[in-house]
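# An overview of the molecular structure
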Amino acid sequence: MVSWGICAACLAAVNNFASLFIVRCLLGVMEAGLFPGVLFYLSFWYRKHELARRMSWFFAAASGAGAFGGVLAFGIAQMGGVLGLKGWQWVFLIEGIPTALFGIATWFVLPDFPSTAKFLTEDERKLATARLKLDHVDADEKEFSWPQFKATVTDIKVWGWMFAYIGVLVPLYSLSFFIPSINKSLGFTSLQAQAMSSPPFLAACVASIGAGFSSDYFKDRSSHVMTGAAVSSIGFFLLSVVRSAPALYALTIISAMGTFMMVPCILSWVICVNQVSNNMNGSTRGATAMAMVVGFGNIGGVIAGQVYRSTDAPTYQLGHTINGGFAAWAFVWALIVRLHLANLNKKRAAAESTAPTKSEDGNLLIGDEDPKFRYQL
């Protein structure tokens, strides 16, 4: 957060394309670890069936910021001339400096593990750690394991989630980038288009929170991912053929809801609960899986910037069709991973009665080495 905020503030000082390009690239590098890092951090505190709703609140903050970010930026830009700075310079300063300050405060305030949380009593710390051990979690494990890393990189499940996640992020990023342009094509002025960008993001915020709670309640991830993918895909395909402005705006909201609700569900399907995740056992395996999925998925941001072309205005038929196709792609890969995990669970159930429960050195097998372990679908 500190380096990210400093880079954002430094954007106020750029004076040519070269400096803009360099600082923006640095901003992306500094920001890259925040999202997967925060989600991985949550896995040190909550059990596997409690993660999605916590992650949904965190992700909802991002979509909620999208609801007001444009309007806020427009308001800050009116400060042009204050202290001799242009409006766009104030946007970067006001959004960058507080981020860096909060990052510094976080270093001192946010505890690393439940066992080191000063705001908990000794009994509460023991209880928090014991809860995680029910999922075979060692809440204090810090060692990096090369065998776990290699096992994750070659795990077909992880690659399935990677392919599914890029199908989520292409429509998500393209909506985040181009909703004002889409709204303007409906007949709104530039300011109105910016203001009318808020309802889709607010609806997406509510949808992601609802999906997170539902996913935890039913202890199901894949069905929620596929439901969001289906809603998103149908919404975008309808956007490519419908021509009524009110209907187009309503479909934009529906598409945003379906797209955004997938994120907490698919990532809680992947993320570790430290020593054991929903499906990735061992902190190294969980951290590596999370980095691979989020990192690969972010390629969707590169694609998303090319989806809605000005030459396709005002219908943006090609862009909507591309987004619908990527959402359908996410549906297919989520289904493939679900079927694969269901097949593994079936094999485990068949072999449970004869499978060993201890290793060669006499220790109990834990995580996905335990014959009783079942992958969450």
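Residues numbered from 1 in each chain as written. Predicted model: local features only at pLDDT ≥ 70, side-chain atom pairs only at ≥ 80, totals over all residues. Heavy atoms only, no water.

## A look at the overall build of the protein chain
Spelled out, the test is: Secondary structure follows DSSP: runs of H or I at least 4 residues long count as helices, runs of E at least 2 residues long count as strands, and numbering of each begins at the N terminus. Partly exposed describes any residue whose relative accessible area lies between the buried limit of under 20% and the exposed limit of over 50%, with all areas from a 1.4 Å probe on protein chains only and scaled to the type maximum. Note on contacts: a residue pair is in contact if any heavy atoms of the two residues lie within 4.5 Å. To be clear on the numbers: accessible area is Shrake-Rupley with a 1.4 Å probe, and residue cover counts the displayed protein chains and nothing else. Two residue types count as positive, namely Lys and Arg, and two as negative, namely Asp and Glu; His and chain ends fall outside the count. To locate a charge, take atom NZ for lysine, CZ for arginine, CG for aspartate or CD for glutamate.
Each helix and strand counted, the protein chain has 15 helices and two strands in total. Its C-alpha atoms put the protein chain at 70 × 50 × 35 Å along the principal axes. Buried positions account for 45% of the 377 residues belonging to the protein chain. Counting contacts in the protein chain only where the partners sit at least 6 residues apart, residues at least 24 apart contribute 74% of the total. Approximately 18,200 Å² of the protein chain is accessible, and the part contributed by carbon and sulfur atoms is 69%. If you average the places of the 27 positive and of the 22 negative side-chain charges in the protein chain, the two averages end up 7 Å apart.

## Observations regarding unusual backbone geometry
Leaving glycine out, the prevailing phi sign among residues is negative, and the prevailing peptide bond configuration is trans. Following A313, the chain continues to P314 via a peptide bond in cis, the omega torsion being 5 degrees. Its identity as a non-glycine residue notwithstanding, Y316 has a phi of 50 degrees, on the positive side. One can find Y316 in the loop between α14 (299-304) and α15 (317-351). Taking relative accessible area as the criterion, Y316 reaches 8% and is therefore assigned buried.

## Notes on the packing of aromatic side chains
Heads up, the rule is: Pairing of aromatic rings covers Phe, Tyr and Trp, the last through its six-membered ring, and needs centres within 6.5 Å; plane angles under 30 degrees mean stacked, over 60 mean edge-to-face, and all others mean tilted.
Counted by the stated rule, this structure contains 24 aromatic pairs. For the pair W161 and W269, a centre-to-centre distance of 5.6 Å together with 70 degrees between the ring planes defines the contact as edge-to-face. Of this pair, W161 sits in helix α8 (residues 156-184) while W269 is found in helix α12 (residues 245-270), placing the two residues 108 residues apart along the sequence. Ring geometry for Y173 against F177: centres 5.9 Å apart, planes inclined by 15 degrees, an arrangement best described as stacked. A residue pair is termed a helical-turn pair when its members lie 3 or 4 positions apart in one helix, as Y173 and F177 do in helix α8 at four residues. Through pairs of rings, three or more aromatic residues link up here, namely F35, F58, F59, F201 and F260.

## Re the nonpolar core
Using the following cut-off: In plain words, nonpolar cores are sets of buried Ala, Val, Leu, Ile, Met, Phe, Trp, Tyr and Cys residues tied together by side-chain atoms within 4.5 Å.
Counting residues in each nonpolar core, the largest one holds 59 residues, and the members touching the most others are W161, Y165, I266, L267 and V293. Apart from the residues lying within four places of it in its own chain, the contact partners of Y165 are F35, V263, I266, L267, V293, V294 and G297.

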